[in-house]
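Reading the structure
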Amino acid sequence: MQNRWVRFVRGFLVIRVSGDYMERFFNMCRMHHIDLWGIRKAKENEKDICVCEAYAADFFKMPPLLKKTGTKAHVVKKRGLPFYFPFIKKRIIFFAGVFVCLALLGYVTDYVWAIEYIGNLQVSDDELSDFLARESIHYGMKKSSINCEEKEKRLRETFQNVTWTSIYFEGTKLFIEIKENEKSEPVQTKTRGTDIVAGEAGTITSIVTRNGVPMVKAGDWVEKGQVLVSGGVPVYDEGKNIIRYQIYDADADIYIRTPVEYRCSIDSSYPVMVYTGDHVKTGFTEIGGYHIDGMPVWDFFEQKVLKKERVNLYETAVEKHQVVLLDNIYLPVYYGSIDRKEYYIKYFNYTEEEMKNRLSESFEKFISGLQQKGVQIVEKNVKMEKSSKGMELYGSLLVVKRTGETVDIPVDATQESGTNQMEE
């Protein structure tokens, strides 16, 4: 085995020897220390010949011996490393390119070039992407700079309904795998009590209080933000003095009659995209943030060769793919196609009747939306007027709706009120 590798490194020849004194030739080679091996007899055109192997350097020592013995020797094959050098030399650029590609491949596999989320149903992909951005995890960062155990802990702390997390790599792809609590319940935060305040100005039509102290009654006019039901229930002593407040979360059904204004407008002209039927489809390549495509070449061809002026617009559709090796080795190399469809904008005019119909449809959708929310329409006044650009609709409604917004009770104000009552 060792001689075999030595012969391959030095290089050797397969030689065909013919003549009447081949045995004498082999003996003289042995006497002159010319190493021959693999000697075997063969037939060629019904004549006896011998095939053997020898070092390339020894072959150049044979001519005097061949002349003395009257034999002939021809090289059949060249084998060994020295005979590959001319082949490599002629293709040095190819082999250098292969070496550079392998070096770049080894370099890019140390970085993250793709991210995938697994198991998230309640937590959206956008929320997980925002979490990674806050944790400074992004495409193109080194894998060794990510502490997976620490990020798993931070992920569970950020999302309360996440019960299990796993962050790991496969190739150049980062996987974020989570499991969520199937019976996710909202986190209850303890507060000091709440009031109910008016969400808009108007007249109270009815109020039914289940918890707390009502501060208004039916028929009262209230302003936006005014307290309707207080969660601070006063506690009296024997002299009917307020000694403290028992804090609760106010709860009540309150309805208010309030005005609602609606306004919308429409232009007399409207744009329409009209496609010319011409479209251009070119390929593109994106490597490490550098974008290369054929659009500039096509634009030059249009303007200089076709003498076509750029008067129209283009609708662009992009199909993009990422280069993947062995399933999970994602590279920062993208390819795809860009399809541009040519169009121009043409303006058409509404008739007066069409503008009225479109404004009426918009107003009816607004009314329908209020009714779906349980709002009762008491009065409705509508007016349409022409404007310099088209037409406008003004709607004035009087509605009865549920009101009340929950706000925290200001503790300081409650304490001051109770203190003042006790001093009096």
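Note: the structure precedes this text.
Residues numbered from 1 in each chain as written. Predicted model: local features only at pLDDT ≥ 70, side-chain atom pairs only at ≥ 80, totals over all residues. Heavy atoms only, no water.

**Observations concerning the pattern of salt bridges**
In the structure shown here, the tally under the stated rule is 17 salt bridges. Two residues, Lys173 and Glu116, come together in a salt bridge whose shortest N-O distance is 2.4 Å. A residue pair is termed long-range when its members are at least 10 positions apart, and Lys173 in strand β7 (residues 173-180) and Glu116 in strand β5 (residues 114-118) qualify at 57 residues. Since its relative accessible area comes to 10%, Lys173 is described here as buried. When its relative accessible area of 29% is taken as the criterion, Glu116 is described as partly exposed. Notably, a salt bridge pairs Glu352 with Lys356, separated by 3.6 Å at the nearest N-O pair. Within this pair, Glu352 and its partner Lys356 are both found in helix α10 (residues 352-372), separated by 4 residues, close to a single helical turn. Judged by relative accessible area, which is 37%, Glu352 ranks as partly exposed. Here the salt bridges do not stand alone but share partners, grouping Glu135, Lys151, Arg154 and Glu157 into one network. (Salt bridge = Lys/Arg side-chain N within 4 Å of Asp/Glu carboxyl O. Helix = DSSP H or I, 4+ residues; strand = E, 2+ residues; numbered from the N terminus. Buried < 20%, exposed > 50% of the residue type's maximum accessible area, 1.4 Å probe, protein only.)

**Quick word on the layout of surface pockets**
By volume, the largest pocket amounts to about 190 Å³. Around the largest pocket sit Cys101, Leu104, Leu105, Val108, Ile287, Gly288, Leu331, Pro332 and Val333, which together line it. Broken down by secondary-structure element, the contributors of at least two residues to the lining of the largest pocket are α6 (92-108) and β19 (329-349). Ranked by residues supplied to the lining of the largest pocket, first place goes to α6 with 4 residues. Here the residues of the lining of the largest pocket are counted per class, giving 8 nonpolar, 1 polar and no charged. (1 Å grid on protein atoms, 1.4 Å probe; cavity = no way out; pocket = protein on both sides within 12 Å on 5 of 7 lines; lining within 4 Å. Points joined across faces, edges and corners; volume = space filled by probe spheres on them. Nonpolar A, V, L, I, M, F, W, Y, C, P; charged D, E, K, R; others polar.)

**Observations regarding the sheet that holds β19**
Taken together, the 4 strands give an open sheet; going across it, the order is β17-β16-β19-β18, and neighbouring strands pair in antiparallel fashion. Strands at the two margins of the open sheet, each flanked by one partner only, are β17 (290-293) and β18 (313-325). Neighbour to neighbour, the strand axes of the sheet diverge by 35° on average, direction disregarded. (Pairing = 2+ DSSP bridges. Axes fitted to C-alpha atoms, helices over the stretch in contact; angles between N-to-C directions.)

**Side note on a nonpolar patch on the surface**
Side chains of Phe94, Val98, Leu102, Leu105, Leu325 and Leu326 sit close together on the surface and give an oily, nonpolar patch of about 580 Å² of accessible area. Sort the elements by how many residues they give to the nonpolar patch and α6 lands first, with 4 residues. Note on placement: Leu102 falls in helix α6. Of the residues examined, Leu102 reaches a relative accessible area of 56% and is grouped as exposed. (Patch = residues over 30% accessible without salt bridge, like charges linked within 9 Å, V, L, I, M, F, W, Y side chains within 5 Å. Areas by Shrake-Rupley, 256 points an atom, 1.4 Å probe, with all protein chains shown as cover.)

**Focus on unusual backbone geometry**
Trans is the prevailing form of peptide bonds, just as negative phi is the prevailing case for residues other than glycine. The backbone of His33 shows a phi angle near 60°, a positive value even though the residue is not glycine. Tracing the sequence through the fold places His33 in the loop between α2 (22-31) and β2 (36-44). With a phi close to 60°, Ser136 is a non-glycine residue in the positive phi region. Checked against the element boundaries, Ser136 lands in the loop between α7 (125-134) and α8 (148-158).

**Considering the nonpolar core**
Grouped together as the largest cluster of nonpolar side chains are 19 residues, with contacts concentrated most on Ile15, Val17, Phe25, Phe26, Leu36 and Met62. Mapped onto this core, the elements with two or more residues apiece are β1 (12-18), α2, β3 (47-55), α3 (56-59) and α4 (63-69). In terms of residues, this core owes the most to one element, α2, which gives 5 residues. Each residue touching Phe26, except ones within four places of it in the same chain, is listed here: Val17, Leu36, Ile39, Cys50 and Cys52. One finds Ile115, Leu132, Cys148 and Leu174 within the second-largest nonpolar core, a separate group that totals 18 residues. (Core = buried A, V, L, I, M, F, W, Y, C linked by side-chain atoms within 4.5 Å. Contact = heavy atoms within 4.5 Å.)

**Considerations on the sheet that holds strand β4 (residues 72-79)**
The 4 strands lie next to each other as β2-β3-β1-β4, forming an open sheet whose pairing is antiparallel. Since the sheet does not close on itself, it has two edges, and those belong to β2 and β4, each with one partner. Ignoring which end each strand starts from, the neighbouring axes of this sheet average 25° apart. Here α2 sits on the sheet in contact with β1, β2 and β3, set at roughly 15° to β3.

**A look at the pairing of strand β20 (residues 376-386)**
Sheet topology note: the β20/strand β21 (residues 390-403) ladder contains 10 bridges and is antiparallel. What sits directly across from Glu385, in β21, is Glu392.

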